[in-house]
Amino acid sequence: MVGFLAKSSGHQSDINAGSMVILDRIVTNTGSGYDASTGQFIAPDEGLYFFTCTTPTAPLKYFITDIMHIGRKVASNQSDGRGLSNAHMSSTQSIVLQLTEKDKVYIF
């Protein structure tokens, strides 16, 4: 069985476009597929995997992320708080991928 939940230990701001999002606080990491130092999930076994990414953003800000599989964008997520002066916004993207052993999945 493989599964992980990772979060950011603090607020991340002004992340440059094209930079990997690193979630450094591991809640669970069954199968040891997620590496908090690189932000990458590396499939320990071949199989069908389900990923969910929730992106929050502060009022008047926006944050666009891409879910990448071996260097190829497979999904995008945009959380847009522009126009909201006193409320946070979040968005969620889910994806199912067929992975081979050692395939890498990460958030860009």
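Keep in mind that what you see is a predicted model, and the values were worked out from it rather than measured. Here the residue index of a chain counts from 1 through its sequence in written order. Local features are withheld for residues below a pLDDT of 70 in this predicted model, meaning they are given only at 70 or higher, and side-chain atom pairs are given and counted only at 80 or more; totals for whole chains, interfaces and linings count all residues. To obtain the side-chain values, all non-hydrogen atoms of the structure were included, while hydrogens and water were left out.

1. What about the pattern of salt bridges?
Rules: Think of a salt bridge as a Lys or Arg side-chain nitrogen and an Asp or Glu carboxyl oxygen that are within 4 Å of each other. Classification of residues uses two cut-offs on accessible area relative to the type maximum, computed with a 1.4 Å probe and protein chains only: under 20% is buried, over 50% is exposed, and between them is partly exposed.
Scanning the entire structure with this criterion turns up one salt bridge. The partner of Arg82 in a salt bridge is Asp80, with the nearest N and O atoms 2.8 Å apart. Among the residues examined, Arg82 registers a relative accessible area of 45% and is labelled partly exposed. Residue class for Asp80 comes out partly exposed when judged on its relative accessible area of 27%.

2. A look at the side chain of Thr57
The criterion, for reference: Secondary structure follows DSSP: runs of H or I at least 4 residues long count as helices, runs of E at least 2 residues long count as strands, and numbering of each begins at the N terminus. Two residues form a contact once any of their heavy atoms are found within 4.5 Å.
Along the chain, Thr57 falls in strand S5 (residues 47-57). Apart from the residues lying within four places of it in its own chain, the contact partners of Thr57 are Tyr62, Phe63, Ser79, Asp80, Gly81, His88 and Met89.

3. Some thoughts on the side chain of Gln40
Take Gln40: it is sitting in strand S4 (residues 40-42). Ignoring any residue separated from it by four or fewer positions in sequence, one finds Gln40 in contact with Met20, Gly33, Tyr34, Asp35, Lys104, Val105 and Tyr106.

4. Examining the sheet that holds strand S3 (residues 34-35)
Keep this limit in mind: By definition, two strands form a pair when at least two bridges between them are found by DSSP.
Spatial ordering of the open sheet is given by S3-S4-S9-S6-S7, a layout of five strands whose pairing is antiparallel. Edge positions in the sheet fall to S3 and strand S7 (72-80), since each of these pairs with one other strand and no more.

5. Focus: the nonpolar core
The test is simple: Grouping buried Ala, Val, Leu, Ile, Met, Phe, Trp, Tyr and Cys residues that are joined through side-chain atoms within 4.5 Å yields what is termed a nonpolar core.
Counting residues in each nonpolar core, the largest one holds 16 residues, and the members touching the most others are Phe41, Phe51, Leu99 and Val105. Those elements that provide at least two residues to this core are S5, strand S8 (89-99) and strand S9 (104-107). Each residue touching Phe41, except ones within four places of it in the same chain, is listed here: Val2, Phe4, Gly33, Tyr34, Tyr49, Phe51, Leu99, Asp103, Lys104 and Val105.

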